[in-house]
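What the coordinates show
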Amino acid sequence: MPMAYRSLLLLPSLTMGFPAYGESGTEPAPPAFKTLRYEENYRAMKDPKKRHGLGDDVKYIALPFLPDAYLSLGGELRERYQNLHGYEFGLAEFKDDDYLLHRVLLHGDLHLGKHFRTFVQFGSHYVFGKANEKSPVEEDHFDLPQGFAEVQWPLGSHTLTIRGGRQEMSFGSERLVSVRNNPNIRRSFDAVRAGFKGGGFTVDAFYAVPLELRRGVLDDRDDDGQRFWGLYSVFNRPAARYAPNMDFYYLGLDRSGADYTQGIADEHRHTLGTRLWQRSGSWDYNFEFAYQFGRFGKDAISAWTAASDTGYRWAHVALKPRLGLKMDIISGDDNPHDRTLKTFNPLFPKLAYFSENALVVPANLMNIYPYVDFEIAEGVELSLGWDFLWRYSVHDAFYVNPFQPLEGTEQSRERSIGSELTLDAGWQVNRNIQLNFAYVHLFTGGSLRSVKAEDVDFLMLMASYRF
């Protein structure tokens, strides 16, 4: 049995003998691990009384040569098994495929006083048992996903941060900028960033180049065909009780050889957007609107999107059900032969944008997605939904990862893409271990059947250990 499969089977045993945090009643639980691991702060663990076990001893390792200097270590072992019937809509060489995605991440966070730090992360990613060709985001034997230096200056109750180097970025609901956690390899940029935070207000300015992933050892490099820059601000202390929290942002992208139904050309695109979000009592909502303009070769760009996620939770009912509704309208090109490209570019989104199978790209699309969430037990959640999908424009293609038109779909005048039945379950066993399950059945509609695409069955089992 391969080592990766043995690791997956052994993960649950790592919890044996270790109580969940806070069980003793003597100390509150440390904070949960964050999506961006460099945002975790373990300075409080300088006090040994606030440590709860062996894992916490490496979160604060005091360094003797500087006051308030310490090293924090962490990492992740993740095993993700995927089984697909109808791989890539049955259009790939092998229609059925099952394989294991193996990921190991290790990082060190060095703080030299309160104002300077360096963060370094190494990663190893392998694919075992896959019949079809491995995608660029699945295998990278050993590389440096993150490595940056950072300086912080306190300005009264606010903080100014300057950071330079390789790093992950995530903004808002991750509709446009995400770490891409679900595939095997997370997304990184070589970037320079300046951030200002305090008083319920944050603003982040950056200039970045995404990485071009290679499968060897320490061979990832900048993608010379792309440049990405922007300004993202968040106001999360609304003046009135029921007023929303608000994000405002500008994002710019240069991309060479961009491929759309309208053709292939260099793309210079600007995105202006806002997000309104709030949780008030049993209700919650998350609305986002964005408009894009710029140049596609010699043609103009005019594209837009509107997205929403609204829900109501019965907190005092058994299983605490939450009924939710997601809806998206994402523009497509209604005339590939005119001088305006109207296809929306989702930039760097989470690849599991609509479901875990990550087959549908948020471009030229409309959807209605009713779903219901349950809290089955402490740390155990279940979600069931049905997503209905259509093309916004029948003159534009259906887009698939890595953001390219599915050949032939632009010729169909069928609007229906299909629908996805989704079932997701997660169990946070303790602070360190998480187990996940997902099943997705994609029923193909007319536009996909026009290119002989087939229904897709997707099954995922995942176990992760973080420290």
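Relevant structure appears above.
Computed from a predicted model, the values in this text were never measured in an experiment.

Within the protein, the regular secondary structure consists of three helices and 23 strands. In terms of overall size, the protein behaves like a compact globule, its C-alpha atoms giving a radius of gyration of 23 Å where 467 residues would be expected to give roughly 23 Å. Per-residue burial for the protein yields a buried fraction of 48% across its 467 residues. The long-range share in the protein, meaning contacts at least 24 apart out of those at least 6 apart in sequence, stands at 59%.

Between two aromatic rings, the relevant description is the distance of the centres plus the angle of the planes. Evaluated as defined, the whole model comprises 30 aromatic pairs. On the numbers, 5.2 Å between centres and 85° between planes, the contact of F189 with F348 is edge-to-face. Taken as a pair, F189 in strand β7 (residues 189-198) and F348 in the loop between β16 (340-341) and β17 (365-377) lie far apart in primary sequence, 159 residues in all. In this structure an aromatic cluster arises from ring pairing among F171, F189, F206, F228, Y232, Y249 and F348. Its end group placed over the ring of Y99, K130 keeps NZ or CZ at 4.9 Å from the ring centre. A cation over an aromatic ring shows up here: R163 above the ring of F148, its NZ or CZ 4.8 Å from the ring centre.

This next bit is on the pairing of strand β11 (residues 245-260). If a strand is regular, its side chains alternate between the two faces of the sheet. With ten bridges joining them, strand β10 (residues 226-235) and β11 adopt antiparallel strand pairing. If you follow Y232 over to β11, its bridge partner there is Y249. Sheet topology note: the β11/strand β12 (residues 263-280) ladder contains 14 bridges and is antiparallel. Its bridge partner being in β12, M246 is matched across the sheet by L276. Taken together, β11 and the strand that follows it, β12, pair antiparallel across an intervening segment of two residues.

Here A258 lies in strand β11. On a C-alpha basis, the gap between A258 and E420 in space is 28 Å, while along the polypeptide they are 162 residues apart. When near neighbours in sequence (up to four residues on either side) are disregarded, A258 contacts G263, I264, A265, E267 and F296.

As a further point, take the environment of E410. Position of E410 among the secondary structure elements: in the loop between β20 (404-405) and β21 (416-428). Between the C-alpha atom of E410 and that of L110, which follows or precedes it by 300 residues, the distance is 52 Å. Not counting residues within four places of it along the chain, the set of residues in contact with E410 comprises T261, R391, V394, H395, D396 and A397. Within the structure, the side chain of E410 is placed 3.1 Å from the backbone nitrogen of G408, a separation counted as a polar contact.

The subject of this paragraph is the side chain of E76. Along the polypeptide, E76 turns up in strand β2 (residues 69-85). Among the polar contacts listed, one links the side chain of E76 to the side chain of R103, at a separation of 2.9 Å. Those residues in contact with E76 that lie beyond four places of it in its chain are R103, V104, L105, S464, Y465 and R466.

A separate point is the pattern of salt bridges. Under the counting rule described, the total for this entry stands at 28 salt bridges. Ionic pairing is found between R275 and D247, a salt bridge with its closest N-O pair at 2.9 Å. Of this pair, R275 sits in strand β12 while D247 sits in strand β11, and the two are 28 residues apart along the sequence. When its relative accessible area of 9% is taken as the criterion, R275 is described as buried. A salt bridge links E267 to R269; its shortest N-O distance comes to 2.4 Å. For the pair E267 and R269, a shared accessibility class is recorded, and that class is buried.

What follows concerns the pairing of strand β18 (residues 380-390). Bridging between β17 and β18 involves nine bridges; their strand directions are antiparallel. Within β18, the residue paired with A377 across the bridge is V380. With antiparallel pairing between neighbouring strands as the criterion, β17 and β18 make up a hairpin whose turn holds two residues, including G379 at a positive phi of roughly 80°. The pairing of β18 with β21 spans eleven bridges and is antiparallel. Across the sheet, the residue bridging to L382 is A425, located in β21.

Our next topic: unusual backbone geometry. The amide bond that connects N401 to the next residue, P402, takes the cis arrangement and shows omega of 0°. For P402, the position within the fold is in the loop between β19 (399-400) and β20. A positive phi is found at D68, a non-glycine position, where the angle reads about 60°. Unlike most non-glycine residues, N364 shows phi in positive territory, near 50°.

Reading guide: rules and limits
- Residues numbered from 1 in each chain as written.
- Predicted model: local features only at pLDDT ≥ 70, side-chain atom pairs only at ≥ 80, totals over all residues.
- Heavy atoms only, no water.
- Helix = DSSP H or I, 4+ residues; strand = E, 2+ residues; numbered from the N terminus.
- Rg over C-alpha atoms; globule rule 2.2 N^0.38 Å.
- Buried < 20%, exposed > 50% of the residue type's maximum accessible area, 1.4 Å probe, protein only.
- Contact = heavy atoms within 4.5 Å.
- Phe/Tyr/Trp six-rings, centres within 6.5 Å; stacked < 30°, edge-to-face > 60°.
- Lys NZ or Arg CZ within 6 Å of the ring centre and 35° of its normal.
- Pairing = 2+ DSSP bridges.
- Polar contact = N/O pair within 3.5 Å; in protein donor to acceptor, adjacent residues only side chain to side chain.
- Salt bridge = Lys/Arg side-chain N within 4 Å of Asp/Glu carboxyl O.

Purely geometric stuff here, so don't read any function into it on its own.
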